[in-house]
Amino acid sequence: MAKLLRSRDLFERASKIIPGGVNSPVRMFKPHPFFTEKAQGSQLHDVDGNRYIDYCMAYGALIFGHSYRPILDAVKKQLEDGTVYGTPIEAEVELAEIITDSLPCAEMVRLANSGAEATMHAIRLARGYTGRPKLVKFDGCYHGAHDSVLVKAGSAAAISVPTSLGIPQETAKNTIVLPFNNVDALHQTFEDQGDEIAAVIVEPVIGNMGVIPPSEGYLTELRRTSNKHGSLLIFDEVITGYRLALGGAQEYYGVKPDIASLGKVLGGGFPISAVAGNKKIMENFSPTGGVYEAGTFSGNPVSVTAAIKVLTELRDHGSRIYGKLQEYTDELAENLSDFIASRKIEAQVNHVASMFTVFFTSEPVVNSEKALSSDRSKYSKFHQGLMMHGVYFPPSQFETCFVTTAHTEDDMHHTLDAAFSAMKEL
Ligand SMILES: Cc1ncc(COP(=O)(O)O)c(C=O)c1O
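Residues numbered from 1 in each chain as written. Predicted model: local features only at pLDDT ≥ 70, side-chain atom pairs only at ≥ 80, totals over all residues. Heavy atoms only, no water.

A.B. asks: Which residues make up the pattern of salt bridges, and what values do they have?
C.D. replies: Applying the stated criterion across every chain yields a total of ten salt bridges. One salt bridge connects Arg-224 with Glu-221, and the closest N-O pair in it is separated by 2.8 Å. Of this pair, Arg-224 and Glu-221 are both found in helix 9 (residues 218-228), three residues apart, which corresponds to roughly one turn of the helix. Residue classification places Arg-224 among the partly exposed positions, given a relative accessible area of 44%. A salt bridge links Asp-316 to Arg-315, with the shortest nitrogen-to-oxygen separation between them at 3.1 Å. (Salt bridge = Lys/Arg side-chain N within 4 Å of Asp/Glu carboxyl O. Helix = DSSP H or I, 4+ residues; strand = E, 2+ residues; numbered from the N terminus. Buried < 20%, exposed > 50% of the residue type's maximum accessible area, 1.4 Å probe, protein only.)

A.B. asks: Explain the site of the ligand residue by residue, including any values.
C.D. replies: Taken together, Ser-114, Gly-115, Ala-116, Tyr-142, His-143, Gly-144, Glu-203, Asn-208, Asp-236, Val-238, Ile-239 and Lys-264 make up the full set of residues near the ligand. Asn-208 has a polar side-chain atom sitting 2.9 Å from an oxygen atom of the ligand. (Near = heavy atom within 4 Å. Polar contact = N/O pair within 3.5 Å; in protein donor to acceptor, adjacent residues only side chain to side chain.)

A.B. asks: Which residues make up helix 1 (residues 5-17), and what values go with them?
C.D. replies: Relative to the 18 Å expected for 13 residues at 1.5 Å per residue, helix 1 spans 19 Å between its end C-alpha atoms, a close match to the ideal helical length. Of the residues making up helix 1, those classed as buried are Ser-7, Leu-10, Phe-11 and Ala-14. Around the axis of helix 1, the buried residues are gathered within 105° of arc, so they sit on the same side. Away from the buried face of helix 1 by more than 90 degrees, exposed residues Arg-13 and Lys-16 are located. (Expected span 1.5 Å × (residues − 1). Arc of directions from axis to C-beta.)

Dropping the structure here:
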């Protein structure tokens, strides 16, 4: 890898006028991130002329890799016809129809612009529908940067601010945080406070502490317990939606929530998100109901066009695509695990569908407490080592690597060589 001189200069400039030099804290790593010039397929190209096989993939937003031609072509055509109208368009209806056809819990859909917006609206909807104030979330799950859910959140919040400043105690007290994969804690909380709990919100597979899958039967238990107490179950499928399967984690694990939030993969690289759910609940959104939800750019034609392209490709070729992603990820994870075992390195590889994480800890990672036992400085060295060998993993131990249809057999070999070298150099 060549030097990062231009990136260093840009970072110095950025740091003077952008807090921390980045527009999202997860992008920061020491001594400074590289600045990207362009991206194509599986590769990121930085401003210093280096190339990296990318497994960050904009934190899971891309399932076809970068600059996927069919999405670009569809969007280019739409750009000529206008970028935002402030009126309804036919394509919004088409997109909502595809979502309701593909996602088990979706009878109605409301579009928004980011994952955070989608979870914020989903939570308000649950509170408005049940008339209850409290929310159960799980330690290490991240649902976006808004007040109700920035309590013991994962992703960058796991390392910097476990509970952000600026969140009033009155808000935080309505968020109950439980350990993931712990049924006893769930039951106890519902026994004590069930009639005050509007909803349980969960990442069905945690992607924001690295990958942590649900233990056998855990999601079913969330469904059963929330039903029993008249609370709603929200699956935050901002990462898992359209990534695990066409019907997201709810299809993959066969558990249907009341409401789901979607984002990332849905937009094919453009900002769009959605709240989807059962009609009786969704009709509580304004203007039919009393739960206010709105957005100037919601349902904008550019993002909607991209989303339709993503979803139709996944719908029409899903079994081949998901099979291929699974195969690639299994092969990569198994080879990494074998190497780790052969060298007696204290590390674990967790993986589900096209998501995987290498944790530097000797213990199986089943919740955020175990994830936090990982050696973060080792991960940082591994991350730097991979970069030296032309591979880009997300910079934090508490993020997920994502495989896309753009990753090739050559990428696989290159990645394994790079990972083995980086681990030997630890
Ligand atoms: C599971 C989950 N929910 C919500 C969000 C927030 O999405 P956005 O960053 O688009 O606001 C994220 C972002 O990483 C996420 O991973």
